[in-house]
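Notes for the structure review
So the chains spell out like this:
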Amino acid sequence: MRTKLGFVIAVSLSAAPVLAHHGFDTEYDAAKKVKLAGVVKQVSWTNPHMRVYIDVTDASGTVTTWNMEMTSPNSVQRQGWGRNSLLPGEKVIFEGYGGKVVESRGSLARISKADAPDKPLFVQGGPEAAREGFPGQ
Amino acid sequence: MRSALVVAVTFVALSLALNAQRERTASIPTGNTPLISEADALRPVPRLPDGRVDLTGPWVGGGSNADIEREGGLKPGELPLLPWARKLLASRLEQDEPYTICLPMSVPRINPFPWKFGMSYTSHGLTHIYVLHELGDSGAHRVVHMDGRKHPPDLLPTWWGHSIGWFEGDTLVIDTVGYNDKFWFDSRGTPHTEQLHTIERWTRLNFGTMINDFTLDDPGAFSRPVQLKFTARHVRPDVDLMEFICNEDNQYGVAGGFTPAQPDR
């Protein structure tokens with residue numbers, strides 16, 4: 001998006017850190033940053049945290065279903081999502097942090113449709129901001 | 001002269017653009033509850049039709065979250081915990097907090113999601129104020145009796161305790177006893193006992209800001225009463241409480257390979 005004066009507004013991934021709630025460090029590993037492409041299997045609009053299940057196919061053809069945790073349905077709706085914002089079958093690019101024990105259960109940091117990688121549908125700051133809340137939001 | 005003018009105009013333009021950029025970047029939602037604008041926050045305190053101050057909200061903040069000592073305005077170590085309580089705090093793990101299995105956070109814990117004072121009028125006037133929190137905390141709402149009653153004797157301990165309230169000028173005072181000892185004051189695990197007695201003094205400074213002057217009095221876990229201070233901020237006008245059913249798909253622990261602790265029965 002450009003202002004009248006031609007400045008590009010950048011979407012920043014490092015949002016102002018919220019008060020640490022709990023959850024991120026207990027389950028996820030800030031060192032296990034992942035960036036993957038896949039196909040949405042299911043969008044789960046449930047509390048306490050929404051999840052997007054994404055099928056990722058590796059070079060050998062093995063499919064892993066990544067279970068990516070977001071914030072609460074309320075919080076995601078406040079980011080502008082509606083029920084049709086992301087649907088099964090859509091191709092996506094996503095970034096997140098893998099689970100400490102189950103790596104394919106991750107904390108979602110960012111997701112966009114594969115044909116619009118610069119227009120993220122969901123953005124969550126890094127581990128500091130991701131600590132907003134569980135089961136809170 | 002002309003070049004100086006160009007420089008000045010460019011400077012002003014740059015400042016405006018940078019401010020606009022900052023505001024727009026800051027307003028790109030990243031999951032936090034959107035807050036009221038700075039300008040709207042400074043509007044005067046609203047009043048109810050009977051002249052009483054309107055404390056409704058919804059609000060974000062106004063209590064503890066990760067660390068009651070720091071968030072309440074104290075320096076590290078200043079919270080006067082008794083030795084046994086300090087030891088318990090040190091031994092607690094974030095993952096075992098009752099809230100992770102959808103049990104109530106209670107007072108003064110306010111996580112970053114909206115809540116409101118529901119000022120409830122009947123034919124007898126303002127008889128109750130309900131504290132409604134979006135997270136619901138297992139379906140709970142907090143009841144503040146505003147009809148002048150006293151605390152009953154021999155209360156059975158509960159998650160939210162028994163609250164009575166009254167106004168001192170424009171400040172809402174909420175006095176609560178009868179808490180159980182099961183909830184944590186913050187995610188790091190600051191403990192308390194059933195002797196806990198809290199006094200909240202809520203004062204709305206302007207449209208967007210409300211202060212909670214909080215007295216924590218628990219001789220079972222603290223060597224003296226403590227004064228803390230928290231600040232609540234009003235949400236953006238289009239934001240209101242939404243549904244939250246914590247238990248419907250709680251997968252907490254699986255990614256980290258652990259089972260959250262169950263509370264004592």
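Residues numbered from 1 in each chain as written. Chains lettered and ligands numbered in written order. Predicted model: local features only at pLDDT ≥ 70, side-chain atom pairs only at ≥ 80, totals over all residues.

What follows deals with the overall build of chain A. Looking only at helices and strands, chain A features 3 helices and 6 strands. Along its sequence from the N terminus, chain A presents helices and strands in the succession α-β-β-β-α-β-β-β-α. Contacts in chain A between residues far apart in sequence, at least 24 positions, make up 58% of those at least 6 positions apart. (Helix = DSSP H or I, 4+ residues; strand = E, 2+ residues; numbered from the N terminus. Contact = placed C-beta atoms within 7 Å.)

A tally of helices and strands in chain B yields 4 helices and 9 strands. Traced from its N-terminal end to its C-terminal end, chain B shows the element sequence α-α-β-α-α-β-β-β-β-β-β-β-β. Counting contacts in chain B only where the partners sit at least 6 residues apart, residues at least 24 apart contribute 62% of the total.

Moving on, we get to unusual backbone geometry. All names here are of chain B. In the segment running from G57 into P58, the intervening peptide bond is cis, with an omega of 15 degrees. With respect to the secondary-structure elements, P58 resides in the loop between α2 (38-41) and β1 (59-61). In this structure, the amide linkage connecting V107 to the following residue, P108, adopts the cis form with an omega of -5 degrees. Along the chain, the position of P108 falls in the loop between α4 (83-91) and β2 (115-122). The backbone of C102 shows a phi angle near 70 degrees, a positive value even though the residue is not glycine. Relative to the helices and strands, C102 resides in the loop between α4 and β2. One non-glycine residue, S106, adopts positive backbone phi at about 60 degrees.

Attention now goes to the nonpolar core. When a protein is soluble and globular, its nonpolar side chains tend to lie buried together. Residues B:L55, B:W59, B:V60, B:L81, B:V144, B:M210 and B:L228 are the most contacted members of the largest nonpolar core, which totals 38 residues. Those elements that place two or more of their residues in this core are β1, β2, β3 (125-133), β6 (171-177), β8 (209-217) and β9 (226-234) of chain B. Those residues within four positions of B:V60 in sequence are excluded, and the remaining contacts are B:T33, B:L35, B:P112, B:F113, B:P114, B:A232, B:R233 and B:V235. Membership of the second largest hydrophobic core comes to 19 residues, among which are A:I54, A:M68, A:F94 and A:F122. (Core = buried A, V, L, I, M, F, W, Y, C linked by C-beta atoms within 7 Å. Buried ≥ 20, exposed ≤ 12 C-beta atoms within 10 Å, placed from the backbone.)

What follows concerns the confidence of the model for chain B. Residues and elements named next belong to chain B. Confidence in the prediction of chain B, expressed as mean pLDDT, is 88, and 87% of residues score 70 or more. Overall, residues 19-30 carries pLDDT values under 50, and its contacts beyond four positions in sequence, including any with other chains, amount to 17 contacts. ipTM for the predicted complex: 0.73, alongside a pTM of 0.81. (pLDDT = per-residue confidence, 0-100.)

Looking at chain A, the pLDDT average stands at 79 and 74% of residues meet or exceed 70. Overall, residues 1-21 of chain A carries pLDDT values under 50, and its contacts beyond four positions in sequence, including any with other chains, amount to 51 contacts.

This part is about the environment of B:G62. Residues and elements named next belong to chain B. Checked against the element boundaries, G62 lands in the loop between β1 and α3 (68-71). Residues G62 and T209, spaced 147 residues apart in sequence, show a C-alpha to C-alpha distance of 9.5 Å. The residues touching G62, leaving out its near neighbours within four places in the chain, are I110, M210, N212, F230, T231 and A232.

All names here are of chain B. Among the structural elements, H234 can be located in strand β9. When the 25 C-beta atoms within 10 Å are taken as the criterion, H234 is described as buried. Taking the C-alpha atoms as reference points, H234 and F113, separated by 121 residues in sequence, lie 11 Å from one another. Beyond its immediate chain neighbours, meaning those up to four positions away, H234 contacts L35, I36, A41, G57, W59, F207 and G208.

Turning our attention to the pairing of β2(B). In terms of strand pairing, β2(B) meets β3(B) through 8 bridges, oriented antiparallel. Note that in β3(B) the partner of B:W115 across the bridge is B:H133. (Pairing = 2+ DSSP bridges.)

This part takes up the pairing of strand β4 (residues 91-99) of chain A. Residues and elements named next belong to chain A. Sheet analysis places strand β1 (residues 28-44) next to β4, joined by 8 bridges and oriented antiparallel. Across the sheet, the residue bridging to K33 is Y97, located in β4. Summarising the sheet, β4 and strand β5 (residues 105-113) pair through 6 bridges and their orientation is antiparallel. Bridge pairing links G96 to L108 in β5. Between β4 and β5, which pair antiparallel one after the other, the connecting turn spans 5 residues.

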